[in-house]
Amino acid sequence: MKLSNRIENVRASSTVAFNTKANELKRQGVDVIAMTAGEPDFQPPQHVMDAARDAIDKGLTKYTPAEGTFALREQIAAKHARDNGFTPDPSEVIVGTGGKQVLYNAMQALIDPGDEAIVIAPYWVSYPAQIEVSGGTLVPVHARAEDGFVPDPADVAAAVTSKTKMIILNSPSNPTGAVYPREVVEAIVKIARDRGLWLIADDLYEYLVYDGAFTSAAPLYPEGTLTVNGASKAFALTGWRIGWGVGPQHLIKAMTRLQGQVTSGANALAQHATAAALEQHDATAAFVAECKKAYVERRDTLVTGLNGLGLKTPMPQGAFYAMADVTGIDADEGKAALKLLEEANVAVVPGTDFAAPGFVRLSYATSLENIEKALERIARVVT
Ligand code: GLU
């Protein structure tokens, strides 16, 4: 029996699919090094795990408001006041099941059939899927490897048409690790503001910046920006599925209406634990600082190693991904990724769905030992 046209057109997420494949091979006993999903290998901070246990002991196990507990939304507002130079009201905050669901809610709330969404390529695989399932059209603006994958704002301006509804800004970027300089963020925000477009600032990797500095878009354009952030990456809470959105109240209310019909809200225990992570921000910051130290060492080892093997890889400034030019292995990045998997037992994500032909994405959210072993194995494929 026939499924809907809408769902027939939804592709599987390649980040999720390749990670599942790597884990399945591992389960079968194959010694695969998975550099697929962006998933920290660290355990969450102790105080956050204690808070989750505490929430169970206190019986905080019931539904929460669809938009998230007031306590967590208050902590999220305080986080933005502390770090980002603006103080949202808790009514301007929604908590969702990961940043992914918050983004999906936003696409559904903002995009009408025929609307265009400008996205900087290479881009994260779920933007096109979420835009298209909402009836919109993705308009890519290509950032070049030789520019460290930082886009030229003039290219963004040139992509605006009468149908443009939004611009998605993701710095630090998944998959490139690019951190946009302040003037680039400001120029992109200005385009959105001058043209009356929505700006989605996907700030998920805000805390994972190694060179350069993070720039918040929201204070520059509060009336038109939805900031998306979450607990997964910086706090190593991927499976707990907590993300949030901060933006104008009427947008947050619309997203909440949808969420109330779809999930009734995010997991209660994880919300309590995330509130503790934000409330005890000094302890959490110490945890993030330790992780960052490890990521820098891993990044330097990986990127130096890949370039040494002749796989050109720009130095990422943030997040925990590197994009390697694998045309030396195969002109088709899908075949190169398959070769790396089959001959080197190193799992990566081909650039195809990131709009990065000739590249693969490697996540260095894995141990230094794994990275060194992966480089040795990749060397056997390229030489
Ligand atoms: N965001 C992570 C990644 O890009 C996890 C998988 C996903 O959500 O796509 O690998």
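Here the structure is a predicted model, which is why all the values come from computation and not from measurement.

### Quick notes on the layout of surface pockets
- In this structure, the largest pocket spans a volume of roughly 500 Å³.
- In terms of lining residues, the largest pocket is bounded by 27 residues, among which Gly-38, Lys-100, Trp-124, Lys-233 and Arg-241 are the most central.
- Secondary-structure elements contributing two or more residues to the lining of the largest pocket are helix H2 (14-27) and helix H5 (98-110).

### Digging into the side chain of Arg-298
- By the secondary structure assignment, Arg-298 is in helix H11 (residues 281-308).
- One polar contact links the side chain of Arg-298 to the main-chain carbonyl oxygen of Thr-366, over a distance of 3.1 Å.
- Ignoring any residue separated from it by four or fewer positions in sequence, one finds Arg-298 in contact with Asp-41, Phe-42, Tyr-364, Ala-365, Thr-366, Ser-367, Leu-368 and Ile-371.

### Here's the deal with the nonpolar core
- Formed by 58 residues in total, the largest nonpolar core has its most connected members in Leu-302 and Leu-362.
- When near neighbours in sequence (up to four residues on either side) are disregarded, Leu-362 contacts Met-35, Leu-302, Leu-306, Phe-320, Tyr-321, Ala-322, Ala-324, Val-348 and Ile-378.

### Brief notes about the environment of Asn-370
- Checked against the element boundaries, Asn-370 lands in helix H13 (residues 368-382).
- Judged by its relative accessible area of 23%, Asn-370 is partly exposed.
- Through-space distance from the C-alpha of Asn-370 to that of Val-179 is 25 Å; in sequence the pair is 191 residues apart.
- Polar contacts involving the side chain of Asn-370 include one to the side chain of Thr-366, which spans 2.9 Å.

### Some points on the side chain of Lys-233
- On the secondary structure map, Lys-233 appears in the loop between strand E7 (225-230) and strand E8 (242-246).
- One buried charge, Lys-233, has no salt-bridge partner; the nearest side chain with opposite charge is Glu-39, at 7.6 Å.
- Residues within four places of Lys-233 in sequence aside, it is in contact with Gly-38, Pro-40, Leu-204, Tyr-205, Leu-208, Phe-320 and Tyr-321.

### A word on helix H3 (residues 46-57)
- With twelve residues, H3 should cover 16 Å at 1.5 Å per step; its first-to-last C-alpha distance of 16 Å lies within 8% of that length.
- Tucked inside the fold, the buried residues of H3 contact helix H10 (268-279) and H11.
- At the C-terminal side of H3, Gly-59 shows a positive phi close to 75°.

### A few points about the site of the ligand
- All residues adjacent to the ligand are Thr-15, Ala-37, Gly-38, Lys-100, Trp-124, Asn-174, Lys-233, Tyr-321 and Arg-361.
- Taking Asn-174, its side chain carries an N or O atom lying 2.9 Å from an oxygen atom of the ligand.
- One of the side-chain nitrogen or oxygen atoms of Arg-361 is found 2.8 Å away from an oxygen atom of the ligand.
- Across the complex, the protein chains shield 86% of the 280 Å² of accessible surface that the ligand would expose by itself.
- Using a 2 Å cut-off from the grid points, one finds that the ligand occupies the largest pocket.
- The residue inventory of the shell around the ligand, partitioned by class, reads three nonpolar, three polar and three charged.

### A closer look at the packing of helix H4 (residues 70-84) against H10
- In contact at an axis separation of 9 Å, H4 and H10 are set at 30° when each is read in the N-to-C sense. Between H4 and H10, the angle falls in the class roughly parallel. In this structure, H4 crosses over H10, and the sense of that crossing is left-handed. Residues Leu-72, Gln-75, Ile-76, Lys-79 and Arg-82 of H4 form the contact with H10, whose participating residues are Gln-271, Thr-274, Ala-275, Leu-278 and Glu-279.

### A word on unusual backbone geometry
- Cis geometry marks the peptide bond from Ala-121 to Pro-122, where omega comes out at -5°.
- You can see Pro-122 is positioned in the loop between strand E3 (116-121) and helix H6 (126-133).
- In this chain, Asn-174 is followed by Pro-175 through a cis amide linkage whose omega measures 25°.
- Locating Pro-175 in the fold gives a position in the loop between strand E5 (164-169) and helix H8 (182-195).

### Regarding the packing of aromatic side chains
- Applying the stated rule across the entire model yields eight aromatic pairs.
- Where Phe-42 meets Tyr-295, the ring centres are 5.6 Å apart and the plane angle is 70°; that geometry is what we call edge-to-face. In this pair, Phe-42 is assigned in the loop between strand E1 (33-34) and H3 and Tyr-295 in helix H11, connecting sequence segments 253 residues apart.
- With a centroid separation of 5.7 Å and an interplanar angle of 75°, the aromatic rings of Phe-149 and Phe-359 are classed as edge-to-face. With a gap of 210 residues between them, Phe-149 in the loop between strand E4 (137-142) and helix H7 (153-159) and Phe-359 in strand E12 (residues 359-363) connect regions that are remote in the sequence.
- Aromatic ring contacts, followed pair by pair, group Phe-42, Tyr-205, Tyr-295, Phe-320 and Tyr-321 into a single cluster.

Procedures and definitions
Residues numbered from 1 in each chain as written. Predicted model: local features only at pLDDT ≥ 70, side-chain atom pairs only at ≥ 80, totals over all residues. Heavy atoms only, no water. 1 Å grid on protein atoms, 1.4 Å probe; cavity = no way out; pocket = protein on both sides within 12 Å on 5 of 7 lines; lining within 4 Å. Points joined across faces, edges and corners; volume = space filled by probe spheres on them. Helix = DSSP H or I, 4+ residues; strand = E, 2+ residues; numbered from the N terminus. Polar contact = N/O pair within 3.5 Å; in protein donor to acceptor, adjacent residues only side chain to side chain. Contact = heavy atoms within 4.5 Å. Core = buried A, V, L, I, M, F, W, Y, C linked by side-chain atoms within 4.5 Å. Buried < 20%, exposed > 50% of the residue type's maximum accessible area, 1.4 Å probe, protein only. Lys, Arg positive; Asp, Glu negative; His and termini not counted. Salt bridge = Lys/Arg side-chain N within 4 Å of Asp/Glu carboxyl O. Expected span 1.5 Å × (residues − 1). Near = heavy atom within 4 Å. Areas by Shrake-Rupley, 256 points an atom, 1.4 Å probe, with all protein chains shown as cover. Sits in = over half its atoms within 2 Å of the grid points. Nonpolar A, V, L, I, M, F, W, Y, C, P; charged D, E, K, R; others polar. Axes fitted to C-alpha atoms, helices over the stretch in contact; angles between N-to-C directions. Parallel < 35°, antiparallel > 145°, perpendicular 65-115°, else oblique. Left-handed = near helix turned anticlockwise from the far one by under 90°. Phe/Tyr/Trp six-rings, centres within 6.5 Å; stacked < 30°, edge-to-face > 60°.

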